[in-house]
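# Survey of secondary and tertiary structure
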Amino acid sequence: MPTPQPRPTNTTRGGHFAVVDPATGEVFDEAPDQQPEELDAVVGRAQEAWHHWRADPAARTRALLTAADAVEAAGADLAPLLTREQGKPLAESRAEIARSAARLRYFAGLHAGPQPIADGRPVRSELRWRALGPVAAIVPWNFPLQLASAKFAPALAAGNTVVLKPSPFTPLATRLLGSVLAAALPEGVLTVVTGREPLGARLAAHPGIRHVTFTGSVPTGRAVAQGAAASLARVTLELGGNDAAILLEDVAVERIADRLFWAAFRNCGQVCMAVKRVYVPARLHAQVVEALAQRAKAVVVGAGLDPGTQLGPVNNAPQLARVERWTAQALAAGARAVAGGHRLDRPGYFFAPTILADVPPDSPVVTQEQFGPVLPVLPYRNLDEAVAAANGTGFGLGGSVWGTDLDRAEAVADRLECGTAWINHHAELSLAQPFAGIKESGVGVAGGPWGLYGNLRPFVVHRPEPGPEEECGR
Ligand code: NAD
């Protein structure tokens with residue numbers, strides 16, 4: 001493919017929209033801006049393909065395993081493209097692709113077999129899990145491929161077909177992934193559509209869709225649920241987070257500092273389950289701030305394609321503006337930037353890794369989801385106060401507790417109001433575990449067998465047992 005020539009940002013050509021490299025701030029390619037009639041045709045093909053795809057579980061397993069191999073084999077092309085449009089270091093793009101292939105393999109091996117239902121009556125009832133139909137998968141820009149696979153792998157394994165829509169900030173690697181998967185799967189089983197809004201809104205509300213599985217922000221999640229209500233399609237929402245890490249009195253600061261730093265700063269802080277606030281006993285506050293600030297100052301920030309880069313740019317201009325605005329607001333309200341606190345003076349969307357102390361607890365950088373390389377570190381006087389602050393948010397995705405006495409740390413973790421709580425680490429997920437946020441962080445369950453069942457509906461066959469008592473319903 002010839003290298004496209006950079007053009008000024010935000011230009012579009014008829015039927016296409018521009019894609020920007022966040023490491024330069026320049027347009028480097030474009031993607032199709034698909035229109036309603038194209039979406040209708042794609043959903044129509046997904047409906048037709050569903051009748052064959054749902055019929056043969058063994059063929060599905062084989063196709064998904066082939067698809068996993070194909071994704072892995074395409075890694076050398078996918079990874080640089082993902083880094084170019086998303087910004088993350090190349091090694092992290094490779095890890096995203098490996099995770100996507102692993103997820104296809106995991107779900108290829110999961111089956112929802114029939115289950116007998118016994119209640120003592122002379123009736124033979126059997127529960128058989130049935131596919132739903134075409135599934136709309138709508139994905140954000142922070143982990144375009146990994147989050148896409150978290151949706152399409154269970155949906156396909158369950159016997160559904162998928163229409164996948166990436167964020168307009170990161171459409172290219174997903175389009176390439178779509179062609180890789182299209183070559184491994186029967187026609188119409190998985191199709192990628194790209195475009196600016198209202199494409200996502202149209203897809204969520206499309207009458208041919210039976211399940212909308214969405215990852216993104218809380219306001220868009222609400223809009224998606226409202227759209228899907230038109231056809232009463234099932235909705236699974238994985239939304240934002242404002243995860244707190246609580247450090248306990250017995251924490252070994254130097255032992256955990258690297259892990260805690262990267263739990264907040266991986267992918268430039270653009271992780272739904274990143275540590276977004278740290279609560280520290282007042283006695284240890286200065287030491288923890290210093291340990292994190294040292295790391296923030298030492299980290300190698302640069303373009304994801306440059307070898308040695310540990311932290312890339314923020315993905316897009318609106319997100320950078322939000323991080324900049326909330327940091328400036330905190331500083332104006334009396335916070336101290338012990339590291340960073342400003343944009344980097346270079347092209348692209350770079351923000352210096354920032355550690356904030358003395359942050360007023362009502363600052364947006366504490367109460368909202370900053371989703372960037374900025375971490376407030378807040379002192380607490382007693383543990384109940386810290387737990388109340390951690391839980392005092394509309395979000396409920398994850399949380400963590402850090403200390404040497406693991407039983408005590410676990411007892412504190414048990415008090416966190418969220419979907420997943422970790423001890424001495426954060427955001428580690430197994431493919432086999434359920435993943436579900438509470439409160440505004442989500443609706444429904446993804447991951448593990450729960451993710452498979454989230455893409456199935458129960459169907460019960462109910463018949464009398466042969467014998468003298470043939471009536472049922474008594
Ligand atoms: P976003 O809500 O702006 O967009 C997400 C997707 O929805 C994109 O594909 C976008 O084009 C599409 N979209 C926009 N408007 C729509 C509409 N009206 N109807 C249907 N689709 C629409 O989110 P974002 O800025 O791309 O991603 C960041 C957010 O995603 C953060 O809040 C982050 O916490 C969240 N996130 C959550 C998880 C999780 O698993 N809980 C994982 C990753 C990211």
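Residues numbered from 1 in each chain as written. Predicted model: local features only at pLDDT ≥ 70, side-chain atom pairs only at ≥ 80, totals over all residues. Heavy atoms only, no water.

### Some remarks on the site of the ligand
As a structural note, the neighbourhood of the ligand is formed by 28 residues, with V139, S217, T220, L239 and E369 the closest of them. One nitrogen or oxygen atom from the side chain of W141 is found 3.0 Å from an oxygen atom belonging to the ligand. In this structure, an oxygen atom belonging to the ligand sits 2.7 Å away from a side-chain N or O atom of S217. Protein chains bury 87% of the 860 Å² of accessible surface belonging to the ligand in isolation. Counted by class, the shell around the ligand contains 15 nonpolar, 9 polar and 4 charged residues. Here the shell around the ligand spans two domains, since at least three of its residues come from each of domain 1 (16-239 + 444-460) and domain 2 (243-423). (Near = heavy atom within 4 Å. Polar contact = N/O pair within 3.5 Å; in protein donor to acceptor, adjacent residues only side chain to side chain. Areas by Shrake-Rupley, 256 points an atom, 1.4 Å probe, with all protein chains shown as cover. Nonpolar A, V, L, I, M, F, W, Y, C, P; charged D, E, K, R; others polar. Domains from an automatic or database assignment.)

### Focus on the sheet that holds strand β15 (residues 398-402)
Across the sheet, which stays open at both edges, the 7 strands sit in the order β12-β13-β14-β11-β10-β15-β16 with mixed pairing between neighbours. The open sheet has two edge strands, β12 (336-339) and β16 (420-423), and neither has a second partner. Across this sheet, the average inter-strand angle for adjacent strands is 25°, counted without regard to direction. For strand β13 (residues 354-357) and strand β14 (residues 374-380), the ladder comprises 3 bridges, and the chain directions are parallel. Directly across from I355, in β14, lies its bridge partner L375. Relative to the sheet, helix α9 (residues 253-265) contacts β10 (243-247), β11 (275-281), β13, β14 and β15, its axis offset from that of β11 by approximately 145°. Along the sheet, helix α11 (residues 317-332) makes contact with β12, β13 and β14, crossing β13 at roughly 30°. (Pairing = 2+ DSSP bridges. Helix = DSSP H or I, 4+ residues; strand = E, 2+ residues; numbered from the N terminus. Axes fitted to C-alpha atoms, helices over the stretch in contact; angles between N-to-C directions. Contact = heavy atoms within 4.5 Å.)

### Remarks on the nonpolar core
Counting residues in hydrophobic clusters, the biggest one holds 63 residues, and the most contacted among them are I246, L247, L260 and I355. Looking at this core element by element, the count peaks at 8 residues for α9. The residue makeup of this core includes at least three contributed by each of domain 1 (16-239 + 444-460) and domain 2 (243-423). Apart from the residues within four sequence positions on either side, I355 is in contact with F265, V289, L292, A293, A296, R336, A337, V338, A339, L375 and V377. Grouped together as the second largest cluster of nonpolar side chains are 51 residues, A31, A67, A137 and L164 included. (Core = buried A, V, L, I, M, F, W, Y, C linked by side-chain atoms within 4.5 Å. Buried < 20%, exposed > 50% of the residue type's maximum accessible area, 1.4 Å probe, protein only.)

### Focus: unusual backbone geometry
A cis geometry characterises the amide bond from E197 onward to P198, with omega recorded as 20°. The topology assignment puts P198 in the loop between β7 (190-192) and α7 (199-204). Phi at C268 is positive, roughly 60°, even though this residue is not glycine. Turning to its location among the elements, C268 is positioned in the loop between α9 and β11. Residue classification places C268 among the buried residues on the basis of a relative accessible area of 3%. Here the phi dihedral of A427 falls at roughly 65°; this positive angle occurs in a residue that is not glycine. Position of A427 among the secondary structure elements: in the loop between β16 and β17 (442-443).

### Brief notes about helix α14 (residues 406-413)
Buried residues of α14: A409, V412 and A413, and no others. Projection of α14 onto a plane perpendicular to its axis shows the buried side chains occupying an angular sector of 100°, all on one side. Seen from the buried face of α14, the exposed residues on the opposite side, beyond 90 degrees, are D407 and E410. For α14, the secondary structure elements touched by its buried residues are α13 (383-391), β15 and β16. You can read the cap of α14 off the contacts: a side-chain oxygen lies 3.1 Å from the backbone nitrogen of D407, and it is on D405. (Arc of directions from axis to C-beta.)

### A closer look at the pattern of salt bridges
In the structure shown here, the tally under the stated rule is 18 salt bridges. Linking D119 and R121 is a salt bridge whose minimum nitrogen-to-oxygen distance equals 3.1 Å. Counted as one network, the salt bridges with shared partners bring together D69, E72 and R105. (Salt bridge = Lys/Arg side-chain N within 4 Å of Asp/Glu carboxyl O.)

### A word on helix α8 (residues 218-229)
The end-to-end C-alpha distance of α8, which contains 12 residues, comes to 17 Å, matching closely the 16 Å that a straight helix rising 1.5 Å per residue would cover. For α8, the set of buried residues is V218, G221, V224, G227 and A228. (Expected span 1.5 Å × (residues − 1).)

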